[in-house]
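# Remarks on the overall topology
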Amino acid sequence: MAAEIHPKPLTRKPVLLNKVEGSQDVVNMAVIVPKEDGVISVSEDRTVRVWMKRDSGQYWPSVYHSMPAPCSCMSFNPETRRLSVGLDNGTISEFILAEDYNKMNPTRTYSAHQSRVTMVLFILEMEWMLSTGQDKLFTWHCSETGERLGNYRTTACASCLQFDVETRHVFVGDHSGQVTILKLEQDNCSLITTFKGHTAGVTALCWDPVQRLLFSGSSDHSIIIWDIGGRKGTALELQGHHDKIQSISYAHHSRQLISCSADGGIVVWNMDVERQETPEWLDSDSCQKCDQPFFWNFKQMWDCKKIGLRQHHCRKCGKAVCGKCSSKRSTIPLLGFEFEVRVCDSCYESITDEQRAPTATFHNSKHNIAHVHFDPTRIWLLTSGTDKVIKLWDMTPVVS
């Protein structure tokens, strides 16, 4: 009888291809140049650099351009070779790169903000320049005339930005932990709704226009998946980092989410599984398992002549429980918990080994990541860091 063969699952283990060094300060953002062995970076050292791979296998600057202020962010459109650079002084400088990427010609400067630009996006379909800043403003300009079309004031410093071309919806994340959704027209915008799920500032946003999912990363170490187009209002939580989320990117062809944190952690999440919404924590004055009073329930403590207990919550069912009734820890990957979390004893017994199987892989980039960019055509990942280093990774699936 022939032996049954079980194919091993495909995973993405980043393989370091190259390291680009030479910046004098934090590399705030960098992108891979499509169809070229090149990288464009902007740095706190006030430089814009275009790095091209030489015959030696190393990347050397073909363009080294000094700006009047530290470069905080950038947006590059490969079709038009238009490079938009946000600066610490609130302006956005626009350039057109030469076909051989050996020269960049300035075209326009936008007076977009009163303080540091935190994110900039050029939208070719509308000829719009979108941006957010530490001045609590989201602004948009006409890229053909340079004229400001409008702005919207957010509740806190705006930190990240995404745009859906089909519906003209703008997603703005801010330091209060809120995501604001705006409907953008040529010269006005309207507030659609706001999402509040993070306990700290939103640091990264990623939009999937196919499944209409919005991913938000935060300083609270978590990622929330907001279902914008399907089950509206559904929010799935992912817990797999030990530090604040710096940047996230979505690989459409493999349905995998790539997230990076400040401590250099890279997590690759399998989004091709049926995940469950994290339950809400229930309120109770006593343990919902053994009925022992919590320490603020003075009446029940007096009636029972018992000392009140500390309240905890089961991450699987959301019930309020005491420490004795929630003495176990378990991973619950389908609820987003890749690390062990507190669960009540009955939920612990109900979780099978199959349900504990991880839905993410964890990797150490060995540098402090500030931003990540994914190139789906070559399946490369680029990470730029506060350690002044840029790293290129091969993310091709391999048999584990």
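None of the values given here were measured: they were computed from a predicted structure. (Residues numbered from 1 in each chain as written. Predicted model: local features only at pLDDT ≥ 70, side-chain atom pairs only at ≥ 80, totals over all residues. Heavy atoms only, no water.)

## Remarks on the packing of aromatic side chains
This structure, assessed with the given rule, holds six aromatic pairs. Each ring, one from Phe138 and one from Trp140, has its centre 5.7 Å from the other, and the planes form 20 degrees; the classification is stacked. Phe138 gets classed as buried once you look at its relative accessible area, which sits at 0%. Here Trp140 falls in the buried class, since its relative accessible area comes to 1%. Considering the side-chain rings of Phe215 and Tyr250, the 5.4 Å spacing of their centres and the 25 degrees angle between planes classify their relative orientation as stacked. Taken as a pair, Phe215 in strand S20 (residues 213–218) and Tyr250 in strand S23 (residues 245–251) lie far apart in primary sequence, 35 residues in all. Judged by its relative accessible area of 0%, Phe215 is buried. Between the NZ or CZ atom of Lys328 and the centre of the ring of Tyr348, over which it lies, the distance is 5.8 Å. We note Arg356 situated over the ring of Tyr348; from NZ or CZ to the ring centre the distance is 4.9 Å. (Phe/Tyr/Trp six-rings, centres within 6.5 Å; stacked < 30°, edge-to-face > 60°. Buried < 20%, exposed > 50% of the residue type's maximum accessible area, 1.4 Å probe, protein only. Helix = DSSP H or I, 4+ residues; strand = E, 2+ residues; numbered from the N terminus. Lys NZ or Arg CZ within 6 Å of the ring centre and 35° of its normal.)

## Some remarks on the sheet that holds strand S2 (residues 15–20)
In spatial order, the strands read S2-S33-S32-S31; together these four strands make up an open sheet with antiparallel pairing. Whereas interior strands pair on both sides, the edge strands pair on one side only; in this sheet they are S2 and strand S31 (369–375). Neighbour to neighbour, the strand axes of the sheet diverge by 20 degrees on average, direction disregarded. Where S31 and strand S32 (residues 380–385) come together, six bridges link them in antiparallel fashion. For Val372, the partnering residue across the bridge sits in S32 and is Thr383. (Pairing = 2+ DSSP bridges. Axes fitted to C-alpha atoms, helices over the stretch in contact; angles between N-to-C directions.)

## Topic: the UniProt feature "repeat: WD" (unreviewed entry) in the chain
UniProt's feature table lists "repeat: WD" (unreviewed entry) at residues 20–51, 195–228, 238–279 and 362–395, given in the numbering used throughout. As a span, residues 362–395 carries 0% helix and 62% strand, and end to end its C-alpha atoms are 13 Å apart. (UniProt positions renumbered as here; feature names shortened; annotations may be inferred.)

## What about the sheet that holds strand S30 (residues 360–364)?
Each strand in a sheet pairs with another by means of backbone hydrogen bonds, the pair being arranged parallel or else antiparallel. The strand order across the open sheet formed by four strands is S23-S24-S25-S30, and the pairing between neighbours is antiparallel. One side of each edge strand has no neighbouring strand; the edge strands of this open sheet are S23 and S30. Shown here is a sheet whose adjacent strand axes are inclined to one another by a mean of 15 degrees, direction ignored. As paired strands, S23 and strand S24 (residues 256–261) are joined by six bridges and run antiparallel to one another. Looking across to S24, one finds that Ser247 is bridged to Cys260.

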